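Descriptive analysis of the structure
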Amino acid sequence: MKLTLIAVTSTVFALSLSAHAEDMPGMKMDGMEGMQMKQETTQALVATAEGTIKAIDPTKHTVTISHGAIPAVQWPPMTMAFSVTQDQLTGLIAGDRVTFSFRLDGSKATIVSIKK
Ligand SMILES: [Cu+2]
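Summarised in this report is the structure supplied together with it. (Residues numbered from 1 in each chain as written. Predicted model: local features only at pLDDT ≥ 70, side-chain atom pairs only at ≥ 80, totals over all residues. Heavy atoms only, no water.)

**Thoughts on the nonpolar core**
One finds Val63, Trp75, Phe82, Phe100, Phe102, Ile111 and Ile114 to be the most contacted residues of the largest nonpolar core, which totals 20 residues. Secondary-structure elements contributing two or more residues to this core are strand S1 (45–57), strand S2 (62–67), strand S3 (78–83), strand S4 (97–105) and strand S5 (108–115). Per-element tally for this core: the top contributor is S4, with 4 residues. Leaving out residues up to four positions away in the same chain, Val63 has contacts with Ile53, Ala55, Ile56, Met80, Ala81, Phe82, Val84, Leu89 and Ile111. (Core = buried A, V, L, I, M, F, W, Y, C linked by side-chain atoms within 4.5 Å. Buried < 20%, exposed > 50% of the residue type's maximum accessible area, 1.4 Å probe, protein only. Helix = DSSP H or I, 4+ residues; strand = E, 2+ residues; numbered from the N terminus. Contact = heavy atoms within 4.5 Å.)

Laid out in structure tokens, this is it:
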């Protein structure tokens, strides 16, 4: 009987852990929230691209980039927001032509490096 109880307890614990993981705040791309559910099974990809900075949002920690097609992640050219840190944006302003790499984890795109 005790063994059964332990098994049930650890299952409940694991379930509550994964529930917490989904509650963690993260940057999302507008209109792509639905893809968030696939995050557990989707491998993170890193891709490199070129584009032009359209906007920087220091509050949301995002940089909006108009980029060309990115075959590595099967994206057509588009304008979209990437999560970024303040440090990575040092010296960059809207209008700058940049080369950047980003990690795509589910629907979350995070800048790995960005430079003029
Ligand atoms: Cu894009």
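**Quick look at the side chain of Thr52**
Assignment of secondary structure puts Thr52 in strand S1. Engagement of the side chain of Thr52 in a polar contact is seen with the side chain of Arg97, the distance being 3.3 Å. Beyond its immediate sequence surroundings of up to four residues, Thr52 is in contact with Thr64, Ile65, Ser66, Gly95, Asp96 and Arg97. (Polar contact = N/O pair within 3.5 Å; in protein donor to acceptor, adjacent residues only side chain to side chain.)

**Here we look at the pairing of S5**
With 7 bridges connecting them, S4 and S5 associate as antiparallel partners. Within S5, the residue paired with Thr99 across the bridge is Lys115. Taking the residues between adjacent antiparallel strands as the criterion, S4 and S5 are bridged by 2 residues, where Gly106 takes a positive phi near 65°. (Pairing = 2+ DSSP bridges.)

**What about the coordination of the copper ion?**
In the first shell of the copper ion, the protein supplies His67 (NE2), Met78 (SD) and Met80 (SD), at 2.0 to 2.6 Å from the metal. In the primary sequence, the donor residues of the copper ion line up as H-x10-M-x1-M. Linking His67 in strand S2 with Met78 in strand S3, this pair joins segments that are 11 residues apart in sequence. (Donors = N, O, S within 2.8 Å, 3.2 Å for Na, K, Ca; no water.)

**Things to note about unusual backbone geometry**
Its identity as a non-glycine residue notwithstanding, His61 has a phi of 55°, on the positive side. As for its position among the elements, His61 is in the loop between S1 and S2.

**What to know about the environment of Phe102**
As for its position among the elements, Phe102 is in strand S4. Between the C-alpha atom of Phe102 and that of Val112, which follows or precedes it by 10 residues, the distance is 4.8 Å. If we ignore the near neighbours within four places in the chain, the residues touching Phe102 are Leu45, Val46, Ala47, Ile70, Val73, Trp75, Phe82, Ala109, Thr110, Ile111 and Val112.

**Let's talk about the packing of aromatic side chains**
For any pair of aromatic rings, the description consists of the separation of the ring centres together with the inter-plane angle of the planes. The final tally for this structure, using the stated rule, is 4 aromatic pairs. Between Phe82 and Phe100, the ring centres sit 5.2 Å apart and the planes meet at 70°, which makes this aromatic pair edge-to-face. In this pair, Phe82 is assigned in strand S3 and Phe100 in strand S4, connecting sequence segments 18 residues apart. Neither Phe82 nor Phe100 differs from the other in exposure class; each is buried. Within the aromatic cluster, the residues linked to one another by ring pairs are Trp75, Phe82, Phe100 and Phe102. (Phe/Tyr/Trp six-rings, centres within 6.5 Å; stacked < 30°, edge-to-face > 60°.)

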